[in-house]
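Report on the structure
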Amino acid sequence: MNKKFGIKDVVAIGIGTALFIVLTNVQAPLGFIPNTSLQSRVAVLTFFSAIFGPIVGGVIGLVGHALGDALFYGSIWWSWVFPEAVFAIAVGIFAAKYKVKEGGFGKKEIILFNIVQVIGNVLAWLLVAPVLDILIYAEPAGKVFAQGVGATLGNVLVAGILGTLLMAAYSKVGAKSGSLSKED
Amino acid sequence: MTPIIEFKNYTFKYRSQTEPTLRDIDLSIYPGEKVLIVGPSGSGKSTLAHCINGMVPFSFPGEHTGSLSVNGLDPAKTGIFGMSKTVGTVLQDTDGQFIGLTVAEDVAFALENDCVPQEKMFSLVQEVAQTVDIGKLLDHAPTELSGGQKQRVSMAGVLVDDVDILLFDEPLANLDPATGKRAIDLIDRIHREQKKTVVIIEHRLEDVLYRDVDRIVVIGDGRVVADRTPDELLCSDVLEREGIREPLYVTALKHAGCRVQAGDHPAHIETMRLEPYAGKVREWYQKVSPPPAREEKDTALEVLDLDFSYISGNPVLSNIDFKIHKGEMLAIVGKNGAGKSTLSNLICGFINPDRGKILLNDEDIASKSIKERGEVIGLVMQNPNQMISKPMIFDEVALGLVVRGVPEEEVKERVYETLKICGLYPFRNWPVSALSFGQKKRVTIASILVMNPQVLILDEPTAGQDYRHYTEIMEFLKELNEKYGITILMITHDMHLMLEYTDRAIVIADGQLVADDTPASVLTDERIAKKAYLKKTSLYDLAVRCGIPDASGFAERFIHYERQVRSHGGQTADL
Amino acid sequence: MAGRLLTYEEKDTWIHRLSGVTKLAFFLLWSFTGMLTYDTRVLLVMLALSLVIFYMSKTEWKQVGMVFKFILLFLCLNLVAVYIFSPQQGTLIYGTSTVLVNLPGRYDLTVEQLFYEFNIMLKYLTVTPVVLMFIVTTNPSEFAASLNRIGISYNVGYAVAIALRYVPDVQSDFTKIKHAQEARGIEMSGKASVWERLKKMSMIIFPLIFSSMDRIDVVSNAMELRGFGKHKKRTWYKGRKLTKTDYMTLAFAAVFMIASLWITFADGNRFYNPFSR
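For chain A, the count of helices and strands is seven helices and two strands. For 184 residues, the compact-globule estimate of 2.2 N^0.38 gives 16 Å, and the C-alpha radius of gyration of chain A, at 17 Å, lies within 12% of that figure. With the C-alpha coordinates of chain A rotated into their principal frame, the extents come out at 65 × 35 × 25 Å. Intrachain contacts of chain A at a sequence separation of at least 6 include 71% that bridge at least 24 residues. Accessible surface computed for chain A: about 6,900 Å², of which carbon and sulfur atoms make up 69%. Looking at chain A, you have 13 positive and 9 negative side-chain charges, and the mean spots of the two groups are 9 Å apart.

Before going further, it helps to spend a moment on the environment of Ser-309 of chain B. On the secondary structure map, Ser-309 of chain B appears in strand 10 (residues 299-309). Leave out the neighbours within four places in its chain, and Ser-309 of chain B touches Asn-314, Pro-315, Val-316 and Asp-354 of chain B.

Right, let's get into the domain arrangement of chain C. Interface size is often expressed as the accessible area that is lost when the parts come together. All names here are of chain C. Splitting chain C by domain gives domain 1 (1-139 + 239-277) and domain 2 (140-237). The gap between the C-alpha centroids of domain 1 and domain 2 is 31 Å. Taken together, the contact pairs 14 residues of domain 1 with 15 residues of domain 2. Where domain 1 packs against domain 2, one counts one salt bridge. For the side of domain 1 that touches domain 2, the element with the most residues is helix 2 (residues 20-36), which contributes three residues. Of the residues contributing to the side of domain 1 that touches domain 2, the split by class is seven nonpolar, five polar and two charged.

On to the pairing of strand 18 (residues 504-509) of chain B, then. Residues and elements named next belong to chain B. With six of its six residues buried, strand 18 lies for the most part within the structure. Alternating residues of strand 18 divide into Arg-504, Ile-506 and Ile-508 and Ala-505, Val-507 and Ala-509, and every residue in both groups is buried. One ladder, built from four bridges, connects strand 12 (residues 329-333) with strand 18; its direction is parallel. Its bridge partner lying in strand 18, Leu-330 is registered against Arg-504. Where strand 18 meets strand 19 (residues 512-517), five bridges bridge the pair, whose relative direction is antiparallel. Counted as the bridge partner of Ala-505 is Asp-517 from strand 19. With antiparallel pairing between neighbouring strands as the criterion, strand 18 and strand 19 make up a hairpin whose turn holds two residues, including Asp-510 at a positive phi of roughly 50°.

What counts, and where the lines are drawn
Residues numbered from 1 in each chain as written. Chains lettered and ligands numbered in written order. Predicted model: local features only at pLDDT ≥ 70, side-chain atom pairs only at ≥ 80, totals over all residues. Heavy atoms only, no water. Helix = DSSP H or I, 4+ residues; strand = E, 2+ residues; numbered from the N terminus. Rg over C-alpha atoms; globule rule 2.2 N^0.38 Å. Contact = heavy atoms within 4.5 Å. Areas by Shrake-Rupley, 256 points an atom, 1.4 Å probe, with all protein chains shown as cover. Lys, Arg positive; Asp, Glu negative; His and termini not counted. Charge placed at Lys NZ, Arg CZ, Asp CG, Glu CD. Domains from an automatic or database assignment. Salt bridge = Lys/Arg side-chain N within 4 Å of Asp/Glu carboxyl O. Nonpolar A, V, L, I, M, F, W, Y, C, P; charged D, E, K, R; others polar. Buried < 20%, exposed > 50% of the residue type's maximum accessible area, 1.4 Å probe, protein only. Pairing = 2+ DSSP bridges.

Have a look at this one:
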């Protein structure tokens, strides 16, 4: 992770953002809380942040959310754009510790990742987003915190389940096949 | 003259591997030469290319011994950026290499990175766009271009740098036959007009030989196995030994018992001296038996007068009408964008026709959902990585059954049975990521087969595969077809595949069905070949030039003979 | 994929001819002004101006109609939600309570609440036409160059260009993968538990993400082979020099922002209060 910002990071931002944008409206309602949903793009953001680190993740969150909203919905809700980057940076800071690329994403790493992603989500959606909503749009606190709870819950689920599974699967790609043997 | 590329006793080992990938390479390429490098996958031919442009050792680290000099430079010291001024690389994946948002920007990419002022870029881009004939496309986005056009953009993108060496990494892999022919023509023209040194890495030998090359270098298992002129090489048995497909007419000549001589210039069938061989070829044609007539079986799938358009008034498919019989192995061919994929999308129910019907076992399937159709008609995508969604092989193959609520015991039984059929049983507890590309393809086929479909649709089943893997995949499909009676429909533009493995070809061009006939007659019919961007097979030329009037019959007999040879696993077949 | 993306359409108006830098800067200044102010007078002027700009850009209804309907729907839902959660927010802000309709509990409908929610609506609507206009009139090629011009590193600028370049490719991959998985029996719709929904989602996005990882390798190799990142700077084929109209537009945006904020905060409060007199 000490390497300077390389071509691969540039391309990862580009392709990651493209994925994030395309998946903008691929979501499933959470069901029991209205107006919240399981957003598949959160899985992309989590995965890219955990593999490529905070800069790549942060830019994908920022640009992806702004462009995705603009291209699909014709508006940009800045108060929800910045938290996306906050979450990505939080997850990305510990990227090296998850050891996904080296094939070492084990139990200890899974626990660490999930602690980080929960804290990141709470920070982003239960703190930054509602506060920005109040500051920018002077919206009532009760409403924005209720929305914050929904978003946090949905995103914790997606990041925790899909994120963990994605990282575990990708970690296996890096693992050697030398330990495998054919069975009859 | 000093060589422009010179490998001297060069050995290279990737850091992640224990054995060297290239061993004791001694190879000299001189300025202005045009050299073709052939070899099966894994032979090291791509590594050789990567050594020339500096990707080795900078992007793919490892150690080398011996020396390499490219235009006086050592790539291992000069770096990728430095080498890019001398060597222009055109990659196989035209979508991956097309980076700009429009054609003009993509051509200018290297110039932008070199901080060339805008006005100068305009004139340079204009100039090189004329050279490769994309002048009218400068404002187009990549989605609006065909594969062939994208490739010409890639060529323009390296030509703007005024490089001395052009390196083509499998330029034909993603092109239909007619477009591939044009690409080879263009490479030849650039080679002659701009006096560049050209190195082509490719395993589709016959297609590259459409235009002259000076030398062919055969790489096998990391070593230079042969370094000869095309005429000499075609007379030897090196190609066969290394698992590279020789031109069909050469194989036919050998079947006829001819010993081809280099002096007769076998590199081009159009100009080869055939007098010494024509008699033997005619004799062979009389002797071998024509294929037995096929018996008509029940209809499995019938498409009745189908129309489809995304935007009304702009039909993608119109009046498509054909039948597929039970147990048939059949090809749907046509150039990219002709409507082949649309047809398979219609059959699978992803989109609905504007008019017409699709019948499965004489029953209209219009009311059936995608999922219901999926149980009888299985679709296998071109890229296995786009289908595999589970990390473990067992789970991946079981997926279709599990989502349909099949009991666990039965799932296990059926998955194991399918894995045995597909030769994957020993790997059942492996992660998918440990498999090769071809094995992954088998996993995707297994994941469809497990549902016991009656019809299997495969999109480009052998795209990008070398001869050995191609044979492996196709023999496997043939076995499924013969042993288990599964009807197989392949969407392809691979002419060899059509000829060698299918009984019938449905040809689609510009949304119309233009032919429904045996592959041999389709590929010997100039009119159809032209319409569908196919290429006439060289067997046609051989037949005509040897004075056999029924060229299609000749091709048919040749294929029939070949199939017998293959099933006997030997060199000769019963006549 | 459901829904259609907004896309650039080539036309010849002075707005289309403006440099991407100008439009981006204008758009950012405009959104930030809209974010900071809650002054009804300023918001009304902004709405009027953005509609004029929108009209001048010759944007047609069919380009943005779908999206616009969505925005209205979202806006209505949001206004209702604000009322449900906080029916007296207007009184809290403006300090008075003029009851219009008596409703049970705390849900008395006040003029202040209506006025407050009218302001929220204005805030959204002032920005929307400018976003729509920015997207349909800015050539994506020029957008990357613009980002670089306003001081953002060309690495990020080019990353955005790559994103825009590969959106159509990723979209078509997505559709293909979704179809193939549907044929295997995975349906995204229908009633299912959260766990089931996540599982089905994973079956489409896993192959999409993993095949994209291969693409990252190919694209970065291709870029490296053609010298990306060689120098600290790079030039842009589609970059555009600023003209007089650009400078005038920028000057206008800056002056407008300062004036708006001055008017807004002159009385020490971002709200315009018609009830205090």
